[in-house]
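Read off the chains here:
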Amino acid sequence: MKLIFLGPPGAGKGTIASELSKKMGIPHISTGDLFRKSIKNQTVLGQKVQKIIESGDLVPDALTVAMVKERLNNPDVENGYILDGFPRTIMQADSLSQFSEIDSVINFVIQDEQVIERLAGRRICKNCGEGYHIETLKPQKEGICDKCGEELVKRPDDAPEAIKNRLDVYYESTEPLIEYYKDKNKLKDIDGSGSVDAVMAETEAVISTI
Ligand code: AP5
Ligand code: MG
């Protein structure tokens, strides 16, 4: 199954996609994670996008689309994928439709106040990128990643100014995709405001109807 996870920053896209990818046996492809990996490795792409990402602006469409197109050439997407954080503009959505046909778009609905709380408490592993929250998704040992034992840090774009900018960018560039996919009968809304278990259960229930 080919799925897109759509929603504002901090809606829980990455958290749910990571779990569901294991259950469904299809890859979780997060453009944010791919960019952060290239920044960590200081590749040419990483150097180009670092400042843009830290400010919360969008990486230019051409760079983003090329990266996703290349990723979708990997044979592991044969049985489907979860695209998390892509597309984020109408141009990206039009481009995607030229090289892959998706089954459905899961739209995580959540208010800004809750997004801000979630992002303020988020921590990620500086080595493997695994996500946690200081209250709702604690690691077994404080400040240490359960998966790889490395240190947990804040994402630079989880600073208050960058969060504000990411929300503005979301409403300006990404929210129009809700109508875009509704018009194509692909959109499924999920209430993103509940516990991780509740959101996961609703997502699975919706996916079972596709
Ligand atoms: P990206 O990494 O995609 O960031 P984002 O869209 O801002 O989304 P987040 O990762 O912040 O939120 P999420 O929905 O994954 O929430 P999470 O599950 O972590 O993109 C980063 C940047 O890369 C962009 O700003 C842009 O610069 C660039 N970029 C990426 N894609 C691009 C594109 N297509 N085009 C151009 N540029 C692009 O959850 C958040 C926190 O809440 C965590 O701490 C989690 O533990 C907790 N939590 C999650 N669910 C729950 C729950 N149900 N209850 C309680 N706590 C929860
Ligand atoms: Mg994410």
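Residues numbered from 1 in each chain as written. Chains lettered and ligands numbered in written order. Predicted model: local features only at pLDDT ≥ 70, side-chain atom pairs only at ≥ 80, totals over all residues. Heavy atoms only, no water.

Q: Help me understand the site of ligand 1, please; the structure alone is not making it clear to me.
A: Neighbouring residues of ligand 1: 35 residues in total, closest Thr15, Asp57, Arg88, Arg122 and Arg166. Arg88 is positioned with one of its side-chain polar atoms (N or O) 2.5 Å from an oxygen atom of ligand 1. Here an oxygen atom of ligand 1 and a backbone polar atom of Tyr132 are 2.7 Å apart. Elements with a minimum of two residues in the shell around ligand 1: α1 (13–24), α2 (31–40), α6 (112–120), β6 (131–133) and α9 (196–207). Broken down by element, the shell around ligand 1 gets its largest block of residues, four residues, from α2. (Near = heavy atom within 4 Å. Polar contact = N/O pair within 3.5 Å; in protein donor to acceptor, adjacent residues only side chain to side chain. Helix = DSSP H or I, 4+ residues; strand = E, 2+ residues; numbered from the N terminus.)

Q: In this structure, what is going on with the packing of helix α5 (residues 90–99) against helix α8 (residues 176–183)? I would like to understand it.
A: If you want to describe how two helices pack, look at the angle between their axes and the distance between the axes. Running from amino to carboxyl end, α5 crosses α8 at an angle of 35°, the nearest separation of the two axes being 10 Å. Contact with α5, carried on its side by Ile90, Ala93, Asp94 and Leu96, involves Pro176, Leu177, Tyr180 and Tyr181 of α8 and no other residues of that element. Class assignment of the residues belonging to the contact of α5 with α8 gives a composition of seven nonpolar, no polar and one charged. (Axes fitted to C-alpha atoms, helices over the stretch in contact; angles between N-to-C directions. Contact = heavy atoms within 4.5 Å. Nonpolar A, V, L, I, M, F, W, Y, C, P; charged D, E, K, R; others polar.)

Q: Would you take a moment to explain the sheet that holds strand β5 (residues 122–125) for this structure?
A: Within a beta sheet, neighbouring strands are joined by backbone hydrogen bonds and run either parallel or antiparallel to one another. With respect to topology, three strands assemble into an open sheet ordered β6-β5-β7, the strand pairing being antiparallel. In this open sheet, the two strands that pair with only one neighbour each are β6 and β7 (152–153). As paired strands, β5 and β7 are joined by two bridges and run antiparallel to one another. Each residue of the ladder has a partner; that of Ile124, found in β7, is Val153. (Pairing = 2+ DSSP bridges.)

Q: Explain the sheet that holds strand β1 (residues 2–6) to me, please; I cannot follow it from the model alone.
A: Taking strand neighbours across the sheet as the criterion, the five strands line up as β2-β3-β1-β4-β8 in an open arrangement whose pairing is parallel. Two strands close off the open sheet at either side, each with one partner strand: β2 (28–30) and β8 (187–191). Geometrically, the sheet is characterised by an average inter-axis angle of 25° between neighbouring strands, direction not taken into account. Note that β2 and strand β3 (residues 81–84) share three bridges and pair parallel. Directly across from Ser30, in β3, lies its bridge partner Asp84. Strand contacts of α2: β2 and β3, with the helix running at about 65° to β2, the strand carrying the most contacts.

Q: Would you mind showing me how to read unusual backbone geometry here?
A: Glycine aside, residues mostly have negative phi angles, and peptide bonds mostly take the trans form. Residue Pro87 is bonded to the preceding Phe86 through a cis peptide linkage, with omega at -5°. With respect to the element layout, Pro87 can be found in the loop between β3 and α5. Despite not being glycine, Gln42 shows a phi value in the positive range, around 50°. Among the secondary structure elements, Gln42 is positioned in the loop between α2 and α3 (44–55). Relative accessible area serves as the criterion here: at 41%, Gln42 is assigned to the partly exposed category. Located in the positive-phi region is Asn185, a residue other than glycine, with phi close to 60°. Secondary-structure assignment places Asn185 in the loop between α8 and β8. (Buried < 20%, exposed > 50% of the residue type's maximum accessible area, 1.4 Å probe, protein only.)

Q: So what exactly am I meant to see when it comes to the pairing of β1 here?
A: Two faces, one strand: in a regular strand the side chains alternate between the faces of the sheet. For β1, a buried count of four out of five residues is recorded, marking the element as mostly surrounded by other parts of the structure. Sheet analysis places β1 next to β3, joined by four bridges and oriented parallel. Paired with Leu3 across the strands is Ile82, a residue of β3. Where β1 lies against strand β4 (residues 104–109), four bridges are found, and the strand directions are parallel. Across the sheet, the residue bridging to Ile4 is Val105, located in β4.

Q: Hey, could you run me through the pairing of β5 in this one?
A: Direction of pairing for β5 relative to β6: antiparallel, over a ladder of three bridges. In the sheet register, Arg123 faces β6, and the bridge partner there is Tyr132. With antiparallel pairing between neighbouring strands as the criterion, β5 and β6 make up a hairpin whose turn holds five residues, including Gly129 at a positive phi of roughly 85°.

Remember that the coordinates give geometry; whether it matters functionally is a separate question.
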